[in-house]
Amino acid sequence: MRLRISFARVFGFAVLLMALALPKFVFTNDYNRGLLVLTVIYAIAGLSLDYIMGQMGQFSFGHAAFWGFGAYVSAKLALDLGLSPWLGFIAASLAAGIIGIGIGLIALRRNRGLELAIVTLGFGVLAWIVALRWRPVTGGPAGLRKGPSPSIFGWEIRSEFSYYYLALGFLLLIVWVLARLEHSGFGRAVRSINENEALASAVGISAMRYYVLAFGFSCALVGFSGALYAHHFRFVNPNLLSLQPMFMFLIIVLVGGSGTLWGPVFGAAAFVWISETLRVSEEFRFLIFGVVLLLIVLFMPRGIYPALRDGVMNANRLLFGRWVQATDKDDREVVGSADGTSMG
């Protein structure tokens, strides 16, 4: 009898157990738990950028602007109007999504790849300057401080431990939504446009409409990530909208594995923990970090997650041979792979 094992399900279950156990049994101090929170928030931002790169086949240089915009929207609503952070999460997502749709209507008409990159770059720089100069609203370089933390029935989710599980819950929900979206009519339409726009248009799929909505959805996700950041660290400033976070998100996607759902998660973990480890050598930190990234790109060109997946699959074949068949017809069924490679 052949035992069939879904690699995606087993792998996803193992990662879930590890994520649940880490702050309780491994990282028991608040500093390391704070790094776990940052990893989850960056993972959500990376997933949103990867939806543009992996599913749409496009590139945005202004993703950090939507991240910072979401953070400012949620923080301002809480500080000035006294609204609950829960409403701030929703408002940040909607506001970033609406702005993203507006940008998409401008940039996704004709030469999408180059035009979208240039327009979003200009928008990102403009948003950063506005946040820096519009002191009455944004606080200028000093930013906004002491935003409230979310609470449930009067219990404030403020500690690193509790906020990690809140952010992790949101991350798992987003992973599930993206996995289901991949198999929906909308997801198939976006993928068909990326693969062959002329053929998709011939069968009645509006490339501009689907791409604009997909771009707006991605911007909503990263705006939500920014709101999570704002209410945990309780501080936002114009640097959140600068190019530095943009390149950080790009590194997360490329290192983790573009076109996969677990890729940005692994990329965020690698980025945060490699950066933290290299703090012991502050003088050569960026030099060593650059060398590490270069080695990852050279020896794992598709990213950490695809390399890990392939390694586990090869080990499975060596250990179990014909008695166990790992099925991976569609890695995005649970956690995602845009390349659709069958590993079974």
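Residues numbered from 1 in each chain as written. Predicted model: local features only at pLDDT ≥ 70, side-chain atom pairs only at ≥ 80, totals over all residues. Heavy atoms only, no water.

1. Thoughts on the overall build of the protein chain
Thinking step 1. Looking only at helices and strands, the protein chain has 14 helices and six strands in total.
Thinking step 2. Taken across its 344 residues, the protein chain has 52% of its residues classed as buried.
Thinking step 3. Long-range pairs, those at least 24 residues apart, make up 77% of the contacts in the protein chain between residues at least 6 apart in sequence.
Thinking step 4. Total accessible area computed for the protein chain in this model is approximately 16,200 Å², and 68% of it derives from carbon and sulfur atoms. (Helix = DSSP H or I, 4+ residues; strand = E, 2+ residues; numbered from the N terminus. Buried < 20%, exposed > 50% of the residue type's maximum accessible area, 1.4 Å probe, protein only. Contact = heavy atoms within 4.5 Å. Areas by Shrake-Rupley, 256 points an atom, 1.4 Å probe, with all protein chains shown as cover.)

2. As for the packing of helix H2 (residues 30–55) against helix H8 (residues 185–195)
Thinking step 1. At a minimum axis separation of 9 Å, H2 and H8 run at an interaxial angle of 50 degrees. In this view, H2 runs oblique relative to H8, as classed from their interaxial angle. Of H8, the residues touching H2 (which contributes Tyr 51, Gly 54 and Gln 55) are Phe 186, Val 190, Arg 191 and Asn 194.
Thinking step 2. For the contact of H2 with H8, the per-class residue count stands at three nonpolar, three polar and one charged. (Axes fitted to C-alpha atoms, helices over the stretch in contact; angles between N-to-C directions. Parallel < 35°, antiparallel > 145°, perpendicular 65-115°, else oblique. Nonpolar A, V, L, I, M, F, W, Y, C, P; charged D, E, K, R; others polar.)

3. Remarks on the nonpolar core
Nonpolar side chains tend toward joint burial in soluble globular proteins.
Thinking step 1. Counting 94 residues, the largest nonpolar core has Tyr 42, Trp 67, Leu 171, Phe 215, Leu 228, Val 236 and Phe 249 as the members making the most contacts within it.
Thinking step 2. The element contributing the most residues to this core is H2, with 15 residues. (Core = buried A, V, L, I, M, F, W, Y, C linked by side-chain atoms within 4.5 Å.)

4. A few points about the confidence of the model for the protein chain
Thinking step 1. For the protein chain, per-residue confidence averages 83 on the pLDDT scale, and 88% of positions sit at 70 or higher.
Thinking step 2. Below pLDDT 50 for its whole length, residues 322–330 participates in 31 contacts with residues either more than four positions away or in separate chains.
Thinking step 3. Across residues 332–344, where pLDDT falls below 50, the model places 55 contacts with residues more than four positions away in sequence or in other chains. (pLDDT = per-residue confidence, 0-100.)

5. Concerning the packing of helix H4 (residues 85–107) against helix H10 (residues 207–233)
Thinking step 1. At a minimum axis distance of 7 Å, the contact between H4 and H10 shows a crossing angle of 145 degrees. In terms of crossing hand, the pair formed by H4 and H10 is right-handed. Where H4 abuts H10, its residues Pro 85, Gly 88, Phe 89, Ala 92, Ser 93, Ala 96, Gly 97, Gly 100, Ile 101, Ile 103, Gly 104 and Leu 105 lie against Met 208, Val 212, Phe 215, Gly 216, Cys 219, Ala 220, Gly 223, Phe 224, Ala 227, Leu 228 and His 231.
Thinking step 2. Residues of the contact of H4 with H10, tallied by class, amount to 15 nonpolar, eight polar and no charged. (Left-handed = near helix turned anticlockwise from the far one by under 90°.)

6. Concerning H8
Working note: α-helix, 3.6 residues per turn, so residues spaced by three or four point in the same direction.
Thinking step 1. Along H8, the residues that are buried comprise Gly 187, Ala 189, Val 190 and Ile 193. Down the axis of H8, the smallest arc covering the buried residues is 160 degrees, so these residues share one side.
Thinking step 2. Buried residues along H8 sit in contact with H2, helix H7 (160–182), helix H9 (197–202) and H10. (Arc of directions from axis to C-beta.)

7. Digging into the environment of Ile 99
Thinking step 1. Looking at the element boundaries, Ile 99 is found in helix H4.
Thinking step 2. You can call Ile 99 partly exposed: its relative accessible area is 33%.
Thinking step 3. Separated by 121 residues in sequence, Ile 99 and Ala 220 have C-alpha atoms that sit 9.0 Å apart.
Thinking step 4. Excluding its chain neighbours within four sequence positions, the residues that come into contact with Ile 99 are Phe 66, Phe 69 and Phe 123.

8. Digging into the environment of Ala 95
Thinking step 1. Structurally, Ala 95 can be placed in helix H4.
Thinking step 2. The sequence separation of Ala 95 and Cys 219 amounts to 124 residues, and the corresponding C-alpha distance is 9.1 Å.
Thinking step 3. When residues no more than four places from it in sequence are discounted, the contact partners of Ala 95 are Phe 69 and Val 73.

9. Concerning the side chain of Asn 237
Thinking step 1. The residue Asn 237 is located in the loop between strand E5 (235–236) and helix H11 (243–256) in this model.
Thinking step 2. Setting aside residues no more than four positions away along its own chain, Asn 237 makes contact with Tyr 72, Pro 141 and Gly 143.

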